[in-house]
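Coordinate analysis (summary)
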Amino acid sequence: MSRIGTIARRSFLVGSAAIVGGVAFGVYKMNQPDRNPLTAGPGEAALNPFVFIDQNGVTIITPRAEMGQGVQTTLAALAAEELDIDWQDVRVLHGPPAAAYYNSALLGTALPFKEYARSDFLRGVSGQVDKTAKLLGLQITGGSTSMKDGFDRLRMAGASARETLIRAASDRLGIAADKLRTESGAVIAPDGTVLRYAELAERAAETEVPQPPLRDPSTWRYIGKSMPRLDQAAKVTGTAEFGIDVRRDGMKFATVRMNPRLGGGMKRFDPAPALDLPGVEKVIDLGHGIAVIASNTWLAFQGAEAVTIDWDNAPDPAEQDAIWAGIEAGFDTRPNSKLRNDGDVDAPVPGATELTAEYRVPFLAHATMEPMNATALYTGDGLELWCGAQIPTLARDNCAAALGLDPAQVRLTTTFLGGGFGRRLEVDFAVYAALIAREMPGTPVQVTWTREEDMRHDFYRPAAIGRFRGAVKDGQAVMMDGAIAGFPLAAQVAKRWLGVPFAGPDKVHVEGAFDQPYAIPNYRIAGYQTDTEIPLGNWRSVGASVNGFLHDSFIDELAHAAGRDPLDFRLDLMRGEHAPSAGCLEAVRDMSGWTGRTPDGIGRGVAFTYSFGTPAAQVIEVADEDGGIRIRRAWIACDVGLALDPAIVEAQMFGGMMYGLSAACFGEITFAGGEVEQSNFPDYDALRMHTAPKTEVTILETAEHLSGAGEPGTPPSMPALANALFDLTGTRARELPLMHRFDLLV
Amino acid sequence: MATQLRINGETHQVDLPDDVPLLWVLRDEIGLTGTKFGCGVAACGACTVHIDGEAVRSCQVALSDVWGDVTTIEGLGTPDAMARIQQAWVEQQVAQCGYCQSGQIMQAAALLAETPDPTDAEIDEAMAGNLCRCGTYPRIRAAIHSASRKMQEA
């Protein structure tokens, strides 16, 4: 059994009861300390949900999942800072699904307000929403919220753990607590007596202390420094355990083959051809698809392919053109939102130059490097589950529901995630594993999807169309009217995750457009929606991954129509509106030596998107190399308020940009005959070593509040590249992916 | 019918059909899970191992076609005794999600064995088949250069 398995309790009823009771529990429930889901054995102590001590030392339990963003390292650093443990002694584990690990920062960001202009009053309102998040027990790694959520909580957990250890030492030694100090994982008495935390653990667990104050930032040793990541040794030696690497005695290997016409059922199937193959043991009916259990994953793949299946049709239009037409029809409906509506976009401005443009962005797959998988063991009265999950509580609850179990009968271990990007917020792969394992009680079954199954059964970043009108006069933008049509992602997610209907303006649909810090006097952003059954999901930076491109591309067009340098044009609109945003543009201007002029054969584009509380600007340089276009260089500046680990923030900014550029160049999911046409990396490629730009990153810390880093690097990358291509070729890229219009180097 | 394989210096008898790819022999039969499944069509490089020192995509090599000694990431070094190239990876803090890194390291190790001091262009050419969705390429490049220096100093 895994380590976290032994120290995580099996009963998490408190969280479930809170959901059932809803707000009826109200203030009473919200103000209760969360029950500690960790169980200590002899000589161990779970001082709080985040700090576990045994005879080997201290383990920091992280409420968020490590999917590459370095979250375990930084969360551990926050706790270790207050706890006085040496970095080489820090160990981390993922927390089990539990109410104690709710994400306090996520729901606050879902409010339909412009984050950059949030007043203290609105921050207060968000705090109330955060309490609702606690009631719902949403244990989510997403929305670039982990640091915002963890900054105080992990430090407070470390500080209070240290305080209890001091108190325990004080009792044991009979020396006043204020005479004791802590260092390197030990309490030290004035006479030099050293008591290791491990020796004090059991007694400390029984000690109650008031929350001590947090350390002054001037004394920080870990926070703000680039710490050696805690996952590196395991990840370079092949010993890091991803979901797909879980191995249990007697384990079987399985795969699924679901209806490629998404949402369609299965009329009939014949398992016989599969059962004739070597190693195939079982074929299971999953209703809208089948699973094959075998002695080896590859033999399961062969078996799944051999099953003859008669599929039903999909509920949605089968062809891509019809899907586009459905989005277009949305423009003729009442708008779902007008979250920005400043001045009067319909009032004529005498002497202004008007322009219009339409943009299109496609569906996108997440394409995590590790294909979807989960491992499950059904014991008759319980389920044990191992997988990489961005919402372990949802995985637990949905697996329990699928098998008719109580959530308390499901134990889940979160492994490393071989990429998340929002795909592993969904729990379909875990539920399949649970259903399949139920067919083999007592036998652990690992269910691994083929890459093709993974790409063709994703929850896709929705396609969208943007229609923009604008006007410029005397070198300034005087009007911008953006209409964004697409599919209701928030409603689909609310129904799928929480079982609740979603009403009202969908902020996600227009984020990255309505909330940009530009002072345009007449400025409207409206969202229009068309319903769909196509599975939609959160794709790194979510709505901003769409709207960053639409909105900033049009800003660039306005700048050119105004006869202005596109960087100066943006700065003029931004300076009085939000200084940290303007600072990012100035930083990329200075880093790149931006002059607004480029030699023949070179193009440069600038772009800016404010997303997840973080302004981010990018300059991208492209070069014509004998007809092929290379993305040669890039400059990124962001302002995260406080960079808790600069090397990790830098990696996230570059990685976020690469994820966006890969999509901008090559990414599209299209439908034909009701099926996704792309299936693997040859038709859904990404940037590689030889096509990655040389990049410099500047991290600014002038913003008032700490903000996230995982997603904000993605949105501006796409318009920055398109704007650079315009500079190089004179052709305006209004549709992604760019490979269809431009001869990009591959 | 059992097939005999030499993997990381040890001999294994494998009782699987001839056409099972080496990748799935390593992962599901031998239990060496450091070698990763990414695409199954030699398009991502996550499954890269060495056969007689040559970097190959193990998802494309059938069990019966394995022509020599196999080395996987586990055979390169361990957390307590890392190979120099693995040390260089840690030093440069390369890995994000880490899933592709076994393949990246095996590919780079084969490059360095043949070209001890590769240019950026040579790195580009050798590493073009190894996909990373997190975007760790600049640090991979830095780690290859760093490993090259370490190996030449040694």
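Conventions we followed
- Residues numbered from 1 in each chain as written.
- Chains lettered and ligands numbered in written order.
- Predicted model: local features only at pLDDT ≥ 70, side-chain atom pairs only at ≥ 80, totals over all residues.
- Heavy atoms only, no water.
- Contact = heavy atoms within 4.5 Å.
- Buried area = accessible area lost by both parts, 1.4 Å probe.
- Salt bridge = Lys/Arg side-chain N within 4 Å of Asp/Glu carboxyl O.
- Polar contact = N/O pair within 3.5 Å; in protein donor to acceptor, adjacent residues only side chain to side chain.
- Helix = DSSP H or I, 4+ residues; strand = E, 2+ residues; numbered from the N terminus.
- Nonpolar A, V, L, I, M, F, W, Y, C, P; charged D, E, K, R; others polar.
- Pairing = 2+ DSSP bridges.
- Axes fitted to C-alpha atoms, helices over the stretch in contact; angles between N-to-C directions.
- Buried < 20%, exposed > 50% of the residue type's maximum accessible area, 1.4 Å probe, protein only.
- Domains from an automatic or database assignment.

1. Focus: the interface of chain B and chain A
Across the boundary between the two partners, chain B contributes 53 residues, which contact 60 residues of chain A. For the pair chain B and chain A, the two sides together bury roughly 4,500 Å², of which 62% comes from carbon and sulfur. The largest share of the area that chain B buries against chain A comes from Q96(B), Y99(B) and R133(B), three residues that together contribute 18% of it. When the shortest N-O distance is used, the salt bridge between D245(A) and R27(B) registers 3.1 Å. Our count for the contact surface shared by chain B and chain A stands at 26 residue pairs in polar contact (both at pLDDT 80 or more). Looking at the side of chain B that touches chain A, the elements with two or more residues in it are α1 (22-30), α2 (73-76), α3 (84-91), α4 (101-114), α5 (120-127) and α6 (137-153) of chain B. Of the residues forming the side of chain B that touches chain A, the biggest block, 5 residues, is contributed by α6(B). By residue class, the composition of the side of chain B that touches chain A is 30 nonpolar, 14 polar and 9 charged.

2. A look at the sheet that holds strand β13 (residues 337-342) of chain A
Residues and elements named next belong to chain A. What the 5 strands build is an open sheet, ordered β13-β21-β20-β19-β14; its pairing is mixed. Looking at the sheet topology across the chains shown, the edges are occupied by β13 and β14 (353-361). Ignoring which end each strand starts from, the neighbouring axes of this sheet average 10 degrees apart. Packing of helix α11 (residues 320-329) onto the sheet brings it into contact with β14, β19 (464-473) and β20 (476-486), and relative to β19 it is tilted by some 50 degrees. Here helix α18 (residues 566-574) sits on the sheet in contact with β19 and β20, set at roughly 95 degrees to β20.

3. Observations concerning the pairing of strand β21 (residues 522-529) of chain A
Residue and element names in this part refer to chain A. Summarising burial for β21: 8 of the 8 residues are buried, a large majority. Going residue by residue along β21, you find N522, R524, A526 and Y528 tucked away on one face and Y523, I525, G527 and Q529 tucked away on the opposite face as well. For β13 and β21, the ladder comprises 4 bridges, and the chain directions are antiparallel. Residue D342 lies in a different strand from β21, and its bridge partner there is Y523. Alignment of β20 against β21, held across 8 bridges, turns out to be parallel. Across the sheet, residue M480 finds its bridge partner in β21, namely Y523.

4. Some points on the pattern of salt bridges
Scanning the model with the defined rule gives 55 salt bridges over all chains in all. Residue R141(B) is joined to D124(B) by a salt bridge in which the shortest nitrogen-to-oxygen separation is 2.8 Å. Placement of the pair is R141(B) in helix α6 and D124(B) in helix α5, with a sequence separation of 17 residues. Take R141(B) and D124(B): they sit in the same class, and that class is buried. Bridged by salt links that share partners, the residues D552(A), D556(A), E557(A), R570(A), R732(A) and R734(A) form one connected network.

5. Some details on the sheet that holds strand β5 (residues 181-183) of chain A
All names here are of chain A. Taken together, 3 strands build an open sheet; the order of strands is β5-β6-β7 and the sheet is antiparallel. Looking at strand neighbours, the two that pair on one side only are β5 and β7 (194-196), the edges of this open sheet. Adjacent strand axes in the sheet meet at a mean angle of 30 degrees, parallel and antiparallel pairs treated alike. Relative to strand β6 (residues 186-188), β5 runs antiparallel, the two sharing 3 bridges. Paired with T182 across the strands is V187, a residue of β6.

6. Quick notes on the domain arrangement of chain A
Residue and element names in this part refer to chain A. Examined at the domain level, chain A breaks down into domain 1 (3-236), domain 2 (243-314 + 372-448) and domain 3 (320-364 + 459-740). Listed as interface residues are 22 residues of domain 1 and, on the opposing side, 22 residues of domain 2. In total, domain 1 and domain 2 occlude about 1,800 Å² of area from one another, counting both sides; carbon and sulfur atoms represent 60% of this. Connecting domain 1 to domain 2 are 0 salt bridges. At the boundary of domain 1 with domain 2, the tally comes to 3 residue pairs in polar contact (both at pLDDT 80 or more).

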